[in-house]
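Structure assessment
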Amino acid sequence: MYKTKLFVVSAPSGAGKTSLCNKLISKYKDRLKYSISYTTREPRIGEVDGQDYFFIDEKKFKKMINNEEFLEWAVVHGNYYGTSKKLIEEYLSSGYDVILDIDPQGARQIKAKYSDAVFIFIVAPSMKELKNRLVNRRTETIENINIRMKNALEEIKFYKMYDYLIVNKYLNIAFEELNAIYLSEHLKTKDIENIEELIDMEV
Ligand code: 5GP
């Protein structure tokens, strides 16, 4: 009756994607899971292994590539990031939707494999605002901020690959938009195989 789906969310670093995804996951705890990625990036202060990411070294990451353990992987801002095939398959087959917070290179790979995944792109209202948010977040060095700003300009060019665009000026409005996408994606008639499972047809 309920067709589980992948929700692929991409955004330039600092656009507010993590806050929006976390809000959606806490609203739909019983039906939506977050895909915890593997990365070779160093953990930031406060990040927890196995919760934010699985932090691994490059040798292990490359071994996982060779063993075809990733549904997709990419080098982003100079580090490796990848989505676990096993984790996604487990979640989908246990009846959960999954949200993937991945970059456009990864989104393109998912698009080739899951034709009915939903693709959402989130942007800050301006590049100045994006920079302010990155600076105020205090998680990145100046060098890293510059890399991320340069990559943001490149990533935005891929917005047409996505089904939806959210301009995150105000978090509450952006969240309402994300929530509306999530809900309406489960009302699609093409995903309903048997209407009698939804409506009591007895007269
Ligand atoms: P951050 O280092 O800020 O956590 O993430 C940097 C970028 O890597 C973000 O654009 C994020 O969406 C992307 N990313 C995180 N996990 C994955 C993944 O598993 N695959 C890909 N392709 N990108 C990822």
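For the structure itself, consult the block above.
This is a predicted model, so every value here is computed, not measured.

Further remarks concern the overall build of the protein chain. Along the backbone of the protein chain there are 7 helices and 9 strands. For 203 residues, the compact-globule formula gives about 17 Å, and the C-alpha radius of gyration of the protein chain, at 18 Å, lands near that figure. Counting only C-alpha atoms and orienting by the principal axes, one finds that the protein chain spans roughly 70 × 40 × 30 Å. Here the protein chain holds 203 residues, and 44% of them are scored as buried. In the protein chain, of all internal contacts separated by at least 6 residues, the share reaching a separation of at least 24 is 68%. Entry remark: accessible area of the protein chain is about 11900 Å², with carbon and sulfur atoms responsible for 52%. Side chains of the protein chain carry 31 positive and 31 negative charges; the gap between the two charge centres is 7 Å.

Close contacts around the ligand come from 18 residues, with S37, R41, Y53, Y81 and D101 the closest. One of the side-chain N or O atoms of R44 is found 2.8 Å from an oxygen atom in the ligand. Residue G82 places a main-chain N or O atom 3.2 Å away from an oxygen atom belonging to the ligand. About the coverage of the ligand: the protein hides 95% of its 510 Å² of free accessible area. Counting atoms within 2 Å of the grid points, the majority share of the ligand lands in the largest pocket. Elements with a contribution of two residues or more to the shell around the ligand: β5 (70-76) and β6 (79-84). Looking at the shell around the ligand residue by residue, the classes come out as 6 nonpolar, 5 polar and 7 charged.

For the rest of this paragraph, the subject is the pattern of salt bridges. Side chains carrying opposite charge are able to pair once their charged atoms draw close together. Taken as a whole and assessed by the stated rule, the structure comprises 15 salt bridges. Measuring nitrogen to oxygen at the nearest pair gives 2.9 Å for the salt bridge that ties K17 to D101. Of this pair, K17 sits in helix α1 (residues 17-27) while D101 sits in strand β7 (residues 97-101), and the two are 84 residues apart along the sequence. A relative accessible area of 14% means that K17 is categorised as buried. A relative accessible area of 13% places D101 in the buried class. Between K62 and E58 there is a salt bridge; the shortest N-O distance is 3.1 Å. Placement of both K62 and E58 in helix α2 (residues 58-66) is noted, with a separation of 4 residues, approximately one turn of the helix. Several salt bridges share partner residues, and in doing so they unite R41, R44, E47, R137, E140 and R148 into one network.

This paragraph deals with the layout of surface pockets. Approximately 870 Å³ is the volume found for the largest pocket. Taken together, 36 residues form the lining of the largest pocket, with K17, T18, R44, Y53 and D101 sitting closest to its centre. Estimates place the volume of the second largest pocket at around 160 Å³.

What follows deals with the sheet that holds strand β8 (residues 118-123). Taken together, 5 strands build an open sheet; the order of strands is β2-β7-β1-β8-β9 and the sheet is parallel. The two strands at the open ends of the sheet, each matched to only one other strand, are β2 (32-34) and β9 (164-167). On average, each strand axis in the sheet is inclined to that of its neighbour by 25°, with strand direction left out of account. Relative to the sheet, α1 contacts β1 (6-10), β2, β7 and β8, its axis offset from that of β7 by approximately 170°. Of the strands in this sheet, β1, β7 and β8 touch helix α4 (residues 104-113), which is tilted by about 155° from β1.

Turning next to helix α6 (residues 142-156). With 15 residues, α6 ought to run about 21 Å at 1.5 Å a step, and its terminal C-alpha atoms sit 21 Å apart, in line with that. Within the sequence span of α6, burial applies to I145, R148, M149, N151, A152 and E155.

The rules behind these values
Residues numbered from 1 in each chain as written. Predicted model: local features only at pLDDT ≥ 70, side-chain atom pairs only at ≥ 80, totals over all residues. Heavy atoms only, no water. Helix = DSSP H or I, 4+ residues; strand = E, 2+ residues; numbered from the N terminus. Rg over C-alpha atoms; globule rule 2.2 N^0.38 Å. Buried < 20%, exposed > 50% of the residue type's maximum accessible area, 1.4 Å probe, protein only. Contact = heavy atoms within 4.5 Å. Areas by Shrake-Rupley, 256 points an atom, 1.4 Å probe, with all protein chains shown as cover. Lys, Arg positive; Asp, Glu negative; His and termini not counted. Charge placed at Lys NZ, Arg CZ, Asp CG, Glu CD. Near = heavy atom within 4 Å. Polar contact = N/O pair within 3.5 Å; in protein donor to acceptor, adjacent residues only side chain to side chain. 1 Å grid on protein atoms, 1.4 Å probe; cavity = no way out; pocket = protein on both sides within 12 Å on 5 of 7 lines; lining within 4 Å. Sits in = over half its atoms within 2 Å of the grid points. Nonpolar A, V, L, I, M, F, W, Y, C, P; charged D, E, K, R; others polar. Salt bridge = Lys/Arg side-chain N within 4 Å of Asp/Glu carboxyl O. Points joined across faces, edges and corners; volume = space filled by probe spheres on them. Pairing = 2+ DSSP bridges. Axes fitted to C-alpha atoms, helices over the stretch in contact; angles between N-to-C directions. Expected span 1.5 Å × (residues − 1).

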